[in-house]
Amino acid sequence: MAQIVMLDSGIGGLSVLDDVRALLPAIDITYVADNAGFPYGTKTEMEVATRVCALLGRLTERLKPDLLVIACNTASTIALAHARAVLDVPVVGTVPAIKPAAEQSNTRVIGVLGTQATVRQPYVDRLSADHAGDCTVLRHGSARLVELAEAQLRGRAVTAADVAPELAGLLDQPGGQRIDRIVLACTHFPLLEPQLRAAAPAGMGFVDGGAGIARRVADLLGARGRQGTGQGRALFTGKDDELDLLAPALHRYGLSMQQ
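Student: So, the sheet that holds strand 10 (residues 256–258): which residues are in play, and what are the values?
Tutor: Pairing is parallel across the open sheet formed by six strands, whose spatial order is 4-3-1-2-9-10. On the outer flanks of this sheet lie strand 4 (91–92) and strand 10, each paired with one strand and no other. Two elements, strand 9 (residues 232–236) and strand 10, share three bridges in a ladder whose sense is parallel. When the sheet's bridge partners are listed, Leu235 is paired in strand 10 with Gln258.

Printed below as a string of structure tokens:
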């Protein structure tokens, strides 16, 4: 039976889990929310790399998964290479979907909406140069959208008006009015896509990497990806008085909650 471990600083990685589960319904998934280290997006590169690699090492030793998924753009752009170098299991990362956004763009102006840590990474520079060399790539970092996604999964209402200022941080930049594709470069942000669409100009397209990650997981697991019981559980690295509020949302994603 195939077992994978997915890691994010919070519950944003559920957007990736959704795509993986849709393609591989039989695999067993342990989703690890590193809420003791939340949020990654406001930390230094050294803090993220050290924490993520150490945590993945402990999880690999304890759970013995067939594969690890870093379901976080910030952690992936900073720590993916380090994790692959020190771990003996395959590690799939989550990186900004700049290539498909560039392929879809008609105006040749695309936006990257992520955390502050993600949008400043040289990795994003390289992706832009390699896959969107003929495009203008504008970036905006938002910690607020992470907070809103976490609040929504705890049962709080989030509206288009709540996300509009964060979208404006991208669209109000010089040239931003020509953006026709926005890369959701944080796994929290697809959870808010309905609100983002409502706040965006008509015809705006949003792109994330969830489906590509699911395909990569399927390729690496091969036939094992069709074996398992389809069970899911969520583990948290820290205490939180509001964790019980997440139980209904986790249940919708097929996860039982453990601390």
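Student: Tell me about the sheet that holds strand 8 (residues 205–207), residues and numbers included.
Tutor: As a general point, the strands of a sheet are linked pairwise by backbone hydrogen bonds and lie either parallel or antiparallel. If you trace the four strands from one edge of the open sheet to the other, you get 6-5-7-8, paired in parallel fashion. If you trace the sheet from one side to the other, it starts and ends with strand 6 (136–141) and strand 8, each paired once. Each strand of the sheet is rotated relative to its neighbour by a mean of 25°, with strand direction disregarded. Examined bridge by bridge, strand 5 (residues 109–114) and strand 7 (residues 181–185) share five bridges and lie parallel to one another. Opposite Gly111, over in strand 7, you have Ile182 as the bridge partner.

Student: Give me the lowdown on the pairing of strand 2 (residues 28–33), citing residues and values where you can.
Tutor: A regular strand carries its side chains on alternate faces of the sheet. For strand 2, the buried fraction is high: six of the six residues fall into the buried class. Burial of strand 2 is two-sided: the residues Asp28, Thr30 and Val32 facing one way and the residues Ile29, Tyr31 and Ala33 facing the other way are all buried. The pairing of strand 1 (residues 3–8) with strand 2 spans six bridges and is parallel. In the strand pairing of strand 2, Asp8 is matched with Ala33.

So, how was this worked out
Residues numbered from 1 in each chain as written. Predicted model: local features only at pLDDT ≥ 70, side-chain atom pairs only at ≥ 80, totals over all residues. Heavy atoms only, no water. Pairing = 2+ DSSP bridges. Helix = DSSP H or I, 4+ residues; strand = E, 2+ residues; numbered from the N terminus. Axes fitted to C-alpha atoms, helices over the stretch in contact; angles between N-to-C directions. Buried < 20%, exposed > 50% of the residue type's maximum accessible area, 1.4 Å probe, protein only.

Treat this as a map of the structure, not an account of what it does.
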